[in-house]
Amino acid sequence: MGSLSKGLIVVSLLQLFHAGFSSSEFQQLLKTQQLHKYLNEAGLPLDIKLEVFMGLIIFVIGIFLSFEKLQFQPIELTRPTVITGEYLSDIRYRKATNVENLTGSNLEGQIIYTSNLTDVHQKRKECRDWMNENTAK
Amino acid sequence: MSSDGYSDINFSGNIIKNKKSLLYVQDSTSLVFGLGAGIIQLESLNGFGFFLICYFSVSFLYSTWICQSNPSKYYLNPLYEIYFESLFRELTGYVMAWTFSYAIVG
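Small disclaimer: the values here were computed from a predicted structure and weren't measured.

Overview of the UniProt feature "transmembrane region" (unreviewed entry) in chain B
Residues and elements named next belong to chain B.
In step 1: When the UniProt feature table is mapped onto this chain, "transmembrane region" (unreviewed entry) is found at residues 21–42 and 48–67.
In step 2: End C-alpha atoms of residues 21–42 are separated by 29 Å, and the span's content is 86% helix alongside 0% strand.
In step 3: For residues 48–67, helix accounts for 95% and strand for 0%, while the C-alpha atoms at its two ends are 27 Å apart.

Brief notes about the nonpolar core
In step 1: If you look at the biggest cluster of nonpolar residues, it comprises 41 residues, and the most contacted ones within it are Phe33, Phe50, Tyr62, Tyr75 and Tyr94 of chain B.
In step 2: Of all elements in the fold, only α1 (3–33) and α3 (46–65) of chain A together with α1 (12–39), α2 (44–66), α3 (78–84) and α4 (87–105) of chain B reach the threshold of two or more residues within this core.
In step 3: Those residues in contact with Phe50 of chain B, other than ones at most four positions away along the chain, are Phe53 and Leu56 of chain A together with Phe33, Ala37, Leu42 and Tyr94 of chain B.

Things to note about the domain arrangement of chain A
In step 1: The domain architecture assigned to chain A consists of domain 1 (3–65) and domain 2 (71–130).
In step 2: One C-alpha centre belongs to domain 1 of chain A, the other to domain 2 of chain A; they are set 53 Å apart.

Looking at the environment of Ser22 of chain A
In step 1: When you line up the elements, Ser22 of chain A lands in helix α1.
In step 2: Considered as a pair, Ser22 of chain A and Gln33 of chain A are eleven residues apart in the sequence and their alpha carbons are 16 Å apart.

Structural notes on the UniProt feature "signal peptide" (unreviewed entry) in chain A
In step 1: Those places that UniProt annotates as "signal peptide" (unreviewed entry) correspond, in this numbering, to residues 1–19 of chain A.
In step 2: What you have in residues 1–19 of chain A is 89% helix and 0% strand, and the ends, taken at the C-alpha atoms, are 26 Å apart.

A closer look at the interface of chain A and chain B
In step 1: The interface of chain A with chain B comprises 32 residues on the first partner and 37 residues on the second.
In step 2: Contact between chain A and chain B buries roughly 3300 Å² in total, counting both sides, with carbon and sulfur atoms accounting for 71%.
In step 3: At the boundary of chain A with chain B, the tally comes to one salt bridge.
In step 4: A salt bridge links Lys73 of chain B to Glu86 of chain A, with the shortest nitrogen-to-oxygen separation between them at 2.5 Å.
In step 5: Summed over the shared surface of chain A and chain B, the number is eleven residue pairs in polar contact (both at pLDDT 80 or more).
In step 6: Residue assignment for the side of chain A that touches chain B shows that the elements contributing at least two residues are α1, α3 and α4 (93–103) of chain A.
In step 7: Ranked by residue count, the leading element in the side of chain A that touches chain B is α3 of chain A, at nine residues.
In step 8: Tallied by class, the residues present in the side of chain A that touches chain B amount to 18 nonpolar, seven polar and seven charged.

Description of unusual backbone geometry
Residues and elements named next belong to chain B.
In step 1: The phi angle at Gln41 is positive, at roughly 55°, despite the residue not being glycine.
In step 2: Along the chain, Gln41 falls in the loop between α1 and α2.
In step 3: On the basis of relative accessible area, Gln41 is assigned to the buried category, the value being 16%.
In step 4: Of note in the backbone geometry, Ser69 takes a positive phi value of approximately 60° without being a glycine.
In step 5: By relative accessible area, which is 55% here, Ser69 ends up exposed.

Conventions adopted
Residues numbered from 1 in each chain as written. Chains lettered and ligands numbered in written order. Predicted model: local features only at pLDDT ≥ 70, side-chain atom pairs only at ≥ 80, totals over all residues. Heavy atoms only, no water. UniProt positions renumbered as here; feature names shortened; annotations may be inferred. Helix = DSSP H or I, 4+ residues; strand = E, 2+ residues; numbered from the N terminus. Core = buried A, V, L, I, M, F, W, Y, C linked by side-chain atoms within 4.5 Å. Buried < 20%, exposed > 50% of the residue type's maximum accessible area, 1.4 Å probe, protein only. Contact = heavy atoms within 4.5 Å. Domains from an automatic or database assignment. Buried area = accessible area lost by both parts, 1.4 Å probe. Salt bridge = Lys/Arg side-chain N within 4 Å of Asp/Glu carboxyl O. Polar contact = N/O pair within 3.5 Å; in protein donor to acceptor, adjacent residues only side chain to side chain. Nonpolar A, V, L, I, M, F, W, Y, C, P; charged D, E, K, R; others polar.

Here is the structure:
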């Protein structure tokens, strides 16, 4: 979320809070001054309504601006950052793996790069040493 | 579109990620629309009409802005998933915020 979207969301929430306070004061005024019969039909003042609508529009814009185009840093730092130009990830498998391929990440890495269960070279060395010791005797 | 069998395989990780993005937008906007409806003291059908207009407007904006007018690239069933799947989920959040702010302001 960028600073612009954060700023817009904060401004819109402040606007809504202010409009809510104004609306509440207006309702209190109606109750205390017994103005219901005159003002009920007219409803809320137009400026309060406009403030609410503007607050809602700014909030929606702020939420949408919080989306940024996807970008990925390759594992090898010499390669440039991969920018897809999209806000969402493609769901087709053959396209979804494009980013992994471009960044040098292997989707099947957990299967391919398993650690060896047995160190063959160490075992061979142990066997060779044992044989050397026993044949020397 | 190629005709081999692999073209229909989808990546579940991205399906879930895209769905979360959509829910983030719809959840947050529905709650704030509910607050707005309560502040301007909407009642009965006016409030529900306000919700429907705002919900479908946001969904349309999402499919054109975030999905770049190509939602089928990001969702299995775009029309249903973007416009209808979470309608009642958002309606409940909206009504909660609407009644809450209506009671506080009124």
